[in-house]
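Each chain is listed here by its residues.
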Amino acid sequence: MAAEPYPALVVPAAGKHSATIIFVHGLGDSGHGWKAAAETLGQNPSLQHIKWILPHAHSRPVTISNGKEIPAWFDICLNALKGSEEQHEHVKVTPSGNLQKVACNGFEDREGILQSVQIVNDIIKQEVESGLGADRIVLGGFSQGGALSLLTGLTTEYKLGGVIALSALLHLQKEFKDMITQHAPSLPIFWAHGDVDSLAPTKLVEQSIGFLTSFGISRLEQEELGKPGIAFVIYAGLGHSSSQDELRDMGEFMSRVVPVDSV
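From a predicted model like this one, the values you see are computed outputs, not experimental measurements.

Novice: Account for the overall build of the protein, with residues named and values stated.
Specialist: Scanning the protein from N- to C-terminus turns up 6 helices and 12 strands. Here the protein, with 263 residues, has 53% of them falling under the buried criterion. Accessible surface, the protein: about 12,100 Å² in total, of which carbon and sulfur atoms supply 50%.

See the structure below:
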């Protein structure tokens, strides 16, 4: 018996479907938050063969929001997000509605991250079992979703068409060497970031990229977008959000890694 599909908004291809992008939203959002971008990009003649799957995260208590339940792919701590392990306090909302101060040393929610990586892998599997080649699938995401797309794309058994990471960092670096697959260096990656992103500072993204190059993954120039390796593009004046220029480049990347005329 086939597994039930994970809850997601599906934006059908405007033309004949021959490729899929699984795009994962960020903290506090849902797949609906990226519907307009999917529909706009889907009108591009070079992208009308692409179906969009926009999964929805379940709500869970999130430390960065004082323990309130919001849609999230994993728990996250502000200090960990900024690369700090210094002890600090959070105000947590208890089940009874009271406020409680709790100490935090900065952490990564390993269990939550790996559970969500499995969710993305399951969506990939369902697309492949429907008859689509894995190389015709692109993973993408913003913030938490970008982090999941990076980690999944570099560790999945499937050799994908490409990965898009917007305003994202690489998590689980301490165990990454045991997770990365042999085909990771051949994966095209579009990694986009704003130069005034205060939630995920550029220096931490640069650290993530430097870490990945130590595994034989090339760092590319923007002109090499769509080739194996990381094309890292910085957008002036952009904070922890997306922009029209970024979405334009994202569309160009997609048209190169899963072109309409390859099937």
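Novice: Please give an account of unusual backbone geometry that cites residues and values.
Specialist: Located in the positive-phi region is serine 167, a residue other than glycine, with phi close to 50°. By the element assignment, serine 167 lies in the loop between β9 (162-166) and β10 (188-194). A positive phi angle is found at leucine 172, which is not glycine, with a value near 60°. Structurally, the position occupied by leucine 172 is in the loop between β9 and β10. The exposure class of leucine 172 is buried, given its relative accessible area of 3%.

Novice: Describe the sheet that holds strand β2 (residues 19-24), listing the residues and the values that go with them.
Specialist: The strand order across the open sheet built from 8 strands is β1-β3-β2-β8-β9-β10-β12-β11, with neighbouring strands paired in mixed fashion. The sheet terminates laterally at β1 (8-11) and β11 (219-220), the two strands that pair on one side only. Here strand β8 (residues 137-142) pairs with β9 via 5 bridges, running parallel. If you follow valine 138 over to β9, its bridge partner there is glycine 162.

Novice: I'd like to hear about the pattern of salt bridges, residue by residue, with values.
Specialist: This model, assessed by the stated rule, comprises 7 salt bridges. Its salt-bridge partner being arginine 248, residue aspartate 245 comes within 3.1 Å of it at the nearest N-O pair. Placement of both aspartate 245 and arginine 248 in helix α6 (residues 244-257) is noted, with a separation of 3 residues, approximately one turn of the helix. Judged by its relative accessible area of 42%, aspartate 245 falls in the partly exposed class. Residue arginine 248 is joined to aspartate 249 by a salt bridge in which the shortest nitrogen-to-oxygen separation is 3.2 Å. By relative accessible area, aspartate 249 is classed as buried at 8%. Each of the salt bridges in this network shares a partner with another, and the network as a whole consists of Asp245, Arg248 and Asp249.

Novice: So what's going on with the packing of aromatic side chains? Residues and values would help.
Specialist: Applying the stated rule across the entire model yields 8 aromatic pairs. An angle of 40° between the planes, with centres 6.1 Å apart, marks the rings of tyrosine 6 and tryptophan 73 as tilted. Here tyrosine 6, found in the segment before β1, pairs with tryptophan 73, found in the loop between β5 (69-71) and α2 (78-81); they are 67 residues apart in sequence, far enough to count as distant. When its relative accessible area of 18% is taken as the criterion, tyrosine 6 is described as buried.

Novice: Describe the nonpolar core, naming the residues involved and giving the relevant values.
Specialist: Counting 48 residues, the largest nonpolar core has Leu154, Trp191 and Leu212 as the members making the most contacts within it. Here the element with the most residues in this core is helix α3 (residues 110-129); it accounts for 6 residues. Core analysis: the second largest hydrophobic core is formed by 31 residues, Val11, Val138, Ala231 and Tyr235 among them.

Novice: I'd like a description of α3, backed by residues and values.
Specialist: Between the first and last C-alpha of α3 there are 28 Å, a value that for 20 residues agrees with the 28 Å anticipated at 1.5 Å per step. Restricting attention to buried positions, one finds in α3 the residues Gly112, Ile113, Ser116, Val117, Ile119, Val120, Asn121, Ile123, Ile124 and Glu127. Tucked into the core, α3 has its buried residues touching β2, β3 (50-55), β4 (59-61), β8 and α4 (144-155). The first or second residue beyond α3 is glycine 131, which carries a positive phi of 115°.

Novice: Tell me about the environment of asparagine 66, and name the residues and values.
Specialist: Along the chain, asparagine 66 turns up in the loop between β4 and β5. Note on asparagine 66: relative accessible area 34%, which makes it partly exposed. Sequence separation of asparagine 66 and cysteine 77 is 11 residues, and the distance between their C-alpha atoms is 9.5 Å.

Novice: Outline the packing of α3 against α4, listing residues and values.
Specialist: Put simply, α3 and α4 touch, their axes get as near as 9 Å, and they point 70° apart. The pairing of α3 with α4 is recorded here as roughly perpendicular in orientation. For the pair α3 and α4, the crossing hand works out as right-handed. Of α4, the residues touching α3 (which contributes Ile113, Ser116, Val117, Val120, Asn121 and Ile124) are Leu148, Leu151 and Thr152. Grouping the constituent residues of the contact of α3 with α4 by class yields 6 nonpolar, 3 polar and no charged.

Calculation notes
Residues numbered from 1 in each chain as written. Predicted model: local features only at pLDDT ≥ 70, side-chain atom pairs only at ≥ 80, totals over all residues. Heavy atoms only, no water. Helix = DSSP H or I, 4+ residues; strand = E, 2+ residues; numbered from the N terminus. Buried < 20%, exposed > 50% of the residue type's maximum accessible area, 1.4 Å probe, protein only. Areas by Shrake-Rupley, 256 points an atom, 1.4 Å probe, with all protein chains shown as cover. Pairing = 2+ DSSP bridges. Salt bridge = Lys/Arg side-chain N within 4 Å of Asp/Glu carboxyl O. Phe/Tyr/Trp six-rings, centres within 6.5 Å; stacked < 30°, edge-to-face > 60°. Core = buried A, V, L, I, M, F, W, Y, C linked by side-chain atoms within 4.5 Å. Expected span 1.5 Å × (residues − 1). Contact = heavy atoms within 4.5 Å. Axes fitted to C-alpha atoms, helices over the stretch in contact; angles between N-to-C directions. Parallel < 35°, antiparallel > 145°, perpendicular 65-115°, else oblique. Left-handed = near helix turned anticlockwise from the far one by under 90°. Nonpolar A, V, L, I, M, F, W, Y, C, P; charged D, E, K, R; others polar.

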